[in-house]
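What follows is the residue order along each chain.
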Amino acid sequence: MASLGAESPAAPSGPESQTPQAFETGSLDTILPPENAAETPSWLTGISAAMSSALAEETPGERPQQPTAEETSAAESLPDAAPSTEAEPASDAVFSMDMPDWLAGFTPSDLNMPPESAARPASPAAPNPEDISPASLPSWVQALRPVEAVIAAAEEDDFEQTVEKEGPLAGFRAVLPVAAGLLKIQRPKTYSNKLDVDNAQQEQVALLENLLAAETRAREIPPRQKNSAERPLRWAIAAILLLVTLIPLALGSRWTPIPSLAGADLNAFASTLASVENGAPALIVVDYQPAFAGEMEPLAQSALRELMKKQARLAFVSTSPTGSLMAERLMAQLDAQNNYPTSVQLGYLPGGAAGIQVFASDPTRVGRGSSWKSATLSGITHLEDFAVALVLTDAPDEGRLWVEQAAPELRGKPLLMVISAQAEPMLRPYFDSHQIQGLMVGLNHGAIFEQQFLSDGPVRQAWDSFNLGLLVMETLIVVGGLWALIAAWLEKRAAEQEGAY
Amino acid sequence: MQIPTELLTGILGFVFTLLVFSYLIGDNPLFRVAVHVFVGLSAGYVAVVIWQQVIINKLIEPLINGGWQERALLLIPLLMSVLLLGKLSPRYQVWGRPVVAYLVGVGAAVAIGGALMGTLLPQAQASLALFDLSAANPRPLTETLPEAVFILLGTLSTLAYFQFSTLNKSGKRPLLFSILGQTFIAITFGVLFAGALTASLSALIDRMAALVQFFDLLLFSL
C-alpha cells in the first residue's frame, strides 16, 4: 500500500502531510484531522457527521455521545445534504458489510472522481440494503457449500434477467429462453485419482508387475566373442568343399561305388511304379522350389523316365507358383524334342490345403476345360481314376498336406513320394503308417534306383562329389566338435589351476 | 552374330554364382545385387503366373465366356476380391474383414480336419498296431515289440520334457525321464540338420556341375 501511495502523484510523500492516503483504512475522523475540516466540502462534512454519530452509537466507549460544535455547524450549513435521519441507513449499510481493509478507505475523492457521480442517487431498481442480510453460516457449512451449483445457479439467474434490446420484444426482460448449454459454462467435476490402498496391497501390486515384466523381458544373451581365426577358417572350409565337389565333376570320376542295398521304402517305391499299367494316367505333383532343383531333378527324372517308358498319361499340377515352370523344365530335359504325346499341364493350384482338398474332391475344376477334353485326361473325373499319384517335394509341409487332403480321395490307389533329404525325417512316419506306399529320398536313393535302369545317369555323374562332400563335411564336424571339447577342457583346467594358486 | 541361348544362360549362371559366392568375404554390394535380382525375378514371375492362371483363367474368362449360372456363381468371389482390396486403404479396410475372416475360418477348418484325420489318428493307430499280438500282424513280434517300446518311450519322455509342473514331494523333478526326452529331441534335431546339410550339398554339387558344363561349352565353342 505504501508503494501505491508513493506512486500516486496526488499524494504527498512528506511525513508532515496531513492529507489522507489512498486506500488508507480507518474512520473519517482519524483520517481527516480537525484542522482540515474547514477545507472539506460541505456535503462531505454532513456525511462525516452522520458517520461519526453512527460510530458513536456502536462504540460508545470510544467516541463521545455529543457531536462537537464544529460538526453541528457544518451539518447545518449543508443545504443539499440529506438529513441525519436519512443518512443513518447509508452508514449502516457501509459498516454492516464485511469490507476488506483496502476497500474501507477507498473514497471517491481518492480517485478524483467527479462529485456528481459520487453523489448520484441510487437506482430505484436497486435492492434496499436492509433487505440483504449477511449470511451467518458456520464455517463447516461454508466448506460443504456446492460451489459449482452456486455458480451455475447464479449464471442462470443472470440469463433470466436478460433484457431484449432489439426487435418487437425490445425492453422485455427474460422473455426468450437462452439456448440450453450455449452459455452455460460449468467447471468439470474433479475426481480423485488416488487409490485407497495400503502398503501391503501396494507390495502385492508391485510383485504382480514384476512377474508380468519378467515374462516379457528377453533374456540377455552375452555378445559372442569374435574369433580372429573365424574368417580364415570360413574361407578354408569353403575352399575345401568347393574343391572336393568340383574336382570329381571336372574329372568325370567314377571312384565310389553305388550301394546296391535298398530299404523297404525304396523297394516299395520301385515295385509300385513297376506295377503301373501301360498307358495308365498318372498324377505328378511338382512342389519343389527351384533352389532344390539340383537334388530333386535327377530323382524326378528317374521316376518319370520309368513312367514314360510305359507311355503313362502324365498330368502335372503344383501348389507352388514356380511348380509349373519346374514341370516344364523337367519335361524339357526328358523329352527335348517334345515327342511325348500324352502329358498335360494343369498349372498352379491356389489355396494351399483348401485348394488341394478341392482338387481331390473334383479334379476337373482345376486347369482349363480344354485340358480335360484331351486324350491324356479322357475318362478321368475323380482322383481315384489316376493309377498312381507321384508327389515331388522338398518341403515336409507340402507332402503332409497331400497326405492329409488327397490320400483319402485316392481310395486305395498308390501315393508315392520323391522327397528331398531334408524332408525325410518328417515324412517317413507316413510311410511307416502305410499312408504313403513308397519313398525315394535324396541322391542316395536316386543312385540306387537309377542304376537299375541306367548305368550312367545324372545321379551317377554327381555321386563321387556327393560322397566325397559328405565325407569331408562329417570329418569337419567331428574335428570341430573335438576341437571344441579340447578347448573347453583346456579352459577349465586353466581356471582350476588359477583357483589353486 | 547370334549368341547361343545355352552360352548366354551359362554366362549369367556363372556370373550370378560368383556374386553369391562373394558372401564368403562378407556382406557386400555384389551379393546384394544378386539377391535383389533373384527376389525381383521371383516376385515378377509369381505375379504373372497368378494373373494368368488364377485371375484370367478362373475369373475373367469364365465371366466373359461362361454360362449364366457360372457367371452368377463367380460374382461371389469377384465381390469378395473387391472387398479384399479395401484392405489397401485404412479407411476402407473394414470391408475386407469379412473376407479375411472367411479365409481364415475355411483354412483353419481344412487344416484342423486334415491334421486330425490324416495325421493324428492314423499315426496313433500305427503306433498302437505295433503292440498287436494277434496273428493278423504280418511282422514277427520280436521285430515289432522293441520298435513299439522305443517309440512309446521316446514319445512319453519327449512329452515329459515339455511338461512344466511343480516339484514333487521330494522337492525334485523327475530328471531321468526328462533327460531321456531331451536326448530324443537332440537326436531328432541332429537328423533334421543332417538332412538339411545333405540337401545343401546336393545344391552345391548342382552349381558346380553347371559351372563345369558351362566351361566345357565355352571351351568347345571356342
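Rules and cut-offs
Residues numbered from 1 in each chain as written. Chains lettered and ligands numbered in written order. Predicted model: local features only at pLDDT ≥ 70, side-chain atom pairs only at ≥ 80, totals over all residues. Heavy atoms only, no water. Helix = DSSP H or I, 4+ residues; strand = E, 2+ residues; numbered from the N terminus. Buried < 20%, exposed > 50% of the residue type's maximum accessible area, 1.4 Å probe, protein only. Contact = heavy atoms within 4.5 Å. Areas by Shrake-Rupley, 256 points an atom, 1.4 Å probe, with all protein chains shown as cover. Phe/Tyr/Trp six-rings, centres within 6.5 Å; stacked < 30°, edge-to-face > 60°. Axes fitted to C-alpha atoms, helices over the stretch in contact; angles between N-to-C directions. Left-handed = near helix turned anticlockwise from the far one by under 90°. Nonpolar A, V, L, I, M, F, W, Y, C, P; charged D, E, K, R; others polar. Buried area = accessible area lost by both parts, 1.4 Å probe. Salt bridge = Lys/Arg side-chain N within 4 Å of Asp/Glu carboxyl O. Polar contact = N/O pair within 3.5 Å; in protein donor to acceptor, adjacent residues only side chain to side chain. Pairing = 2+ DSSP bridges. Right-handed = clockwise from strand over helix to strand, strands pointing away. Expected span 1.5 Å × (residues − 1). Bend = angle between axes of the 7 residues up to and from the residue.

Colleague: Now, about the overall build of chain B: what can you tell me, with residues and values included?
Modeller: Across its full length, chain B holds six helices and zero strands. When the helices and strands of chain B are placed in sequence order, the string is α-α-α-α-α-α. Put simply, chain B has 222 residues, and 21% of those count as buried. Here the analysis covers contacts within chain B between residues at least 6 apart in sequence; of these, 27% occur between residues at least 24 apart. In the structure as shown, chain B presents an accessible area of about 15700 Å², 74% of it carried by carbon and sulfur atoms.

Colleague: An account of the packing of aromatic side chains is requested, with residue identities and associated values reported.
Modeller: Aromatic ring pairs are defined here through the distance separating the ring centres and the angle between the ring planes. Scanning all chains against the criterion turns up twelve aromatic pairs over all chains. Arranged with centres 5.5 Å apart and planes meeting at 45 degrees, the rings of Phe16(B) and Phe38(B) form a pair that is tilted. Taken together, the positions of Phe16(B) in helix α1 (residues 5-21) and Phe38(B) in helix α2 (residues 29-65) put the pair 22 residues apart, joining distant regions of the chain. For Phe38(B), a relative accessible area of 41% gives the class partly exposed. A ring pair is formed by Tyr23(B) and Phe31(B), whose centres lie 4.6 Å apart and whose planes are at 40 degrees; its orientation type is tilted. One aromatic cluster is present, formed by Phe269(A), Phe449(A) and Phe453(A) through successive ring pairs.

Colleague: Give a detailed account of the packing of α2(B) against helix α3 (residues 68-85) of chain B, specifying residues and quantitative values.
Modeller: Residues and elements named next belong to chain B. Close contact between α2 and α3 brings their axes to 9 Å; oriented N to C, the two are set at 145 degrees. Between α2 and α3 the crossing geometry is left-handed. Counting all contacts with α2, which are made through Lys58, Leu59, Pro62, Leu63, Ile64 and Asn65, the residues of α3 involved are Glu70, Arg71, Leu74 and Leu78. Class assignment for the residues of the contact of α2 with α3 results in six nonpolar, one polar and three charged.

Colleague: Describe the interface of chain A and chain B, and please don't skip the residues or the numbers.
Modeller: If you look at the interface, chain A gives 49 residues, while chain B gives 39 residues. Between chain A and chain B, a total of about 3400 Å² is buried, with carbon and sulfur atoms accounting for 71% of that surface. Run the count over chain A and chain B and you get zero salt bridges. Inspection of the chain A/chain B interface yields ten residue pairs in polar contact (both at pLDDT 80 or more). Mapped onto the side of chain A that touches chain B, the elements with two or more residues apiece are α11 (230-251), α13 (293-309), α14 (323-334), β3 (343-348), α15 (353-361), α17 (396-405), α19 (424-432) and α21 (458-500) of chain A. Grouping the constituent residues of the side of chain A that touches chain B by class yields 28 nonpolar, 14 polar and seven charged.

Colleague: So what's going on with the environment of Thr158(B)? Which residues, and what values?
Modeller: Residue and element names in this part refer to chain B. Here Thr158 lies in helix α5 (residues 141-161). Using a relative accessible area of 22% as the deciding quantity, one classes Thr158 as partly exposed. In the structure, Thr158 is positioned 21 residues away from Ile179 in sequence and 9.0 Å away in space, judged by C-alpha atoms. If we ignore the near neighbours within four places in the chain, the residues touching Thr158 are Gly181, Phe184 and Ile185.

Colleague: Can you lay out the pairing of strand β2 (residues 313-318) of chain A for me, pointing to particular residues and giving the numbers?
Modeller: Residue and element names in this part refer to chain A. Among the six residues in β2, six count as buried, and that is most of the element. Residues Arg313, Ala315 and Val317 of β2 are buried on one face, and the alternating residues Leu314, Phe316 and Ser318, pointing to the opposite face, are buried as well. As paired strands, strand β1 (residues 281-287) and β2 are joined by five bridges and run parallel to one another. If you follow Leu283 over to β2, its bridge partner there is Ala315. With respect to chirality, the unit in which β1 leads through α13 into the neighbouring parallel β2 is right-handed. Two elements, β2 and β3, share five bridges in a ladder whose sense is parallel. In the sheet register, Phe316 faces β3, and the bridge partner there is Gln345.

Colleague: Before we move on, can you summarise α3(B) with the specific residues and values?
Modeller: For α3(B), with 18 residues, the first-to-last C-alpha span of 26 Å sits near the 26 Å given by 1.5 Å per residue. Along α3(B), the largest kink reaches about 25 degrees and is centred on Leu75(B); proline Pro77(B) follows within four residues of it.

Colleague: Go over the sheet that holds β3(A) with me, naming the residues and quoting the values.
Modeller: Pairing between sheet strands relies on hydrogen bonds along the backbone, with the strands arranged either parallel or antiparallel. Residues and elements named next belong to chain A. On the basis of which strands lie adjacent, the open sheet formed by six strands has the order β3-β2-β1-β4-β5-β6 and parallel pairing. Each having just a single partner strand, β3 and β6 (438-441) make up the two edges of the open sheet. Recorded for the sheet is a direction-independent mean angle of 15 degrees between the axes of neighbouring strands. Bridge count for β1 against strand β4 (residues 388-393) is six bridges, and the pairing is parallel. For Ile284, the partnering residue across the bridge sits in β4 and is Leu390.

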